[in-house]
Amino acid sequence: MLPTRIIERKRDGGRLSSDELEAFLRAYLQGDVAEYQMSAFLMAAFIRGLDPAELSVLLREIIDSGARLRFEDDGPPAVDKHSTGGVGDKVSLILAPLLAEAGLRVPMMSGRGLGHTGGTLDKLEAIPGFDVSVDLARFRVILDEVGCAMIGQTKEIAPLDGRLYALRDVTGTVPSPPLIAASIVSKKVAEGIEALVLDVKCGRGAFITDLEQARGLARTMVDLAVAEGVRTSALLTAMNAPLGRTVGNALEVREAIETLRGGGPADLREVTLALSAELLVSVGRAPGAEEAAAELGAILDGGAALERFVRLIEVQGGDPKVADDPGRLPTAPVRESFRAPGSGWLDVHARRVGVASVELGAGRRRVEDAVDPRVGFEFHRLAGDRVSEGEPLVTVHAADTASAATAAHRLANAIRVSPEPAAPQPLILERIA
Ligand code: URA
């Protein structure tokens, strides 16, 4: 196998046999293909795409580069969710303990914020003491004890993906549907799960703004995961305005706790229940999505899912008292009110809010940056609401007055008040299975 030949063939739009691609990827892992050669290959794959046979070899090689969890057949079914990334998306924090309480096992490995979107690990780390760097042995113990565990990517799972992602990140090759699909699905398959639900966000606050493209990515990921024996469905969900009332790590934890207590904003509850219901149905624990959502809604309202989350926080080293006393979460020293610039119907641009939250310190400009868990936005009114000029719309939580002023300036660009209401749009756009 000559690496240059493989790169040239992909560059020219040819297809690689399974043996060739497998040999190329293995040679890379052994140090016999250089980083610059793999970078060139990734760019060729980005431009030319990968056909289904090539994609399945890539997937398999990523999975086989590391460990794969296995659970006993007679235990609770293991399930997980993946979101392609949104603004204010704190669904995982609610879904994992909720499904554990419903009798499922949720071995959840999550990521950090990416671009203008938030990440589950950053949110969890806003809870004082919460440790997301747990090795696989401890991960299993926590799962047995609590029914769910929430950690970051470990070196043991899919190490090839870690290396490829690092190259894609600096070579402009992240937004490629087949590369994204192999990256995401490989890690989920390696978790040893039986069922997976994908939340493919679509809209101006998502990485994918076009419904047809979102459909394509969802279809590719569903097909890949199903071929690996994981029962998988995808919901395409709207991401035009932030999900829920808060954007920013500690603020989002607070809102997730409220939702786990049976409260919280309607949109967040709806998306969480729809995704959770998919999994309950996939593993045969409910006859249909409606019944599943009703059962899960009752668990939220009864408070048991919150108790489960409190146990998880405790076992992962966090301060469990945050559930009853959210004041124990980190709080920002500066709070400024952003007021409605006019009277009418509110529209909120999710991407602009996400970018403003990164600038405020809730996300990262560079991978090595630390996030400030205290800062973010708390919306008192949501997109679609009727508002009056001068009323407080958003509280800006900031580290200092200068960053609060910049954030207010950015918000002015993200918020519109229109004389006419916009046509209502559903949150769940489509289901792909
Ligand atoms: N998240 C991943 O894990 N991989 C990708 O390629 C993109 C987003």
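Definitions and limits used
- Residues numbered from 1 in each chain as written.
- Predicted model: local features only at pLDDT ≥ 70, side-chain atom pairs only at ≥ 80, totals over all residues.
- Heavy atoms only, no water.
- Helix = DSSP H or I, 4+ residues; strand = E, 2+ residues; numbered from the N terminus.
- Rg over C-alpha atoms; globule rule 2.2 N^0.38 Å.
- Buried < 20%, exposed > 50% of the residue type's maximum accessible area, 1.4 Å probe, protein only.
- Contact = heavy atoms within 4.5 Å.
- Areas by Shrake-Rupley, 256 points an atom, 1.4 Å probe, with all protein chains shown as cover.
- Near = heavy atom within 4 Å.
- Polar contact = N/O pair within 3.5 Å; in protein donor to acceptor, adjacent residues only side chain to side chain.
- Nonpolar A, V, L, I, M, F, W, Y, C, P; charged D, E, K, R; others polar.

1. Observations concerning the overall build of the protein chain
A count of helices and strands for the protein chain gives 16 helices and 13 strands. Over its C-alpha trace the protein chain gives a radius of gyration of 22 Å, about what one expects of a compact globule, namely 22 Å for 433 residues. Taken over 433 residues, the protein chain has a buried fraction of 54%. For the protein chain, restricting intrachain contacts to residue pairs at least 6 apart in sequence, the fraction spanning at least 24 positions comes to 78%. When the accessible surface of the protein chain is summed, it comes to about 17,600 Å², and 50% of that surface belongs to carbon and sulfur atoms.

2. Concerning the site of the ligand
In the region of the ligand, the neighbouring residues are Tyr 165, Arg 168, Ile 180, Ser 183, Ile 184 and Lys 187. Side-chain polar atom of Ser 183 to a nitrogen atom of the ligand: 2.6 Å apart, as the coordinates give it. Lys 187 has a polar side-chain atom sitting 2.5 Å from an oxygen atom of the ligand. Within the complex, 82% of the 240 Å² of free accessible area of the ligand lies under protein. Of all the secondary-structure elements, those providing two or more residues to the shell around the ligand are helix H8 (159-171) and helix H9 (177-190). Take the shell around the ligand: its biggest share by element is 4 residues, from H9. Among the residues making up the shell around the ligand, the classes are represented as 3 nonpolar, 1 polar and 2 charged.

3. Considering unusual backbone geometry
The phi dihedral of Ala 158 falls on the positive side, at around 45°, and the residue is not glycine. Its location among the elements puts Ala 158 in the loop between strand E3 (148-152) and H8.

4. Details of the environment of Asp 89
Here Asp 89 is to be found in the loop between strand E1 (79-83) and helix H5 (91-101). Here the alpha-carbon distance between Asp 89 and Ala 256, two residues 167 residues apart in the chain, equals 9.8 Å. The contact partners of Asp 89, leaving out residues within four places of it in the chain, are Lys 81, Ser 83, Lys 123, Asp 199, Lys 201, Leu 243 and Glu 252. Of note is the side chain of Asp 89, whose polar atom sits 3.2 Å from the backbone nitrogen of Val 91.

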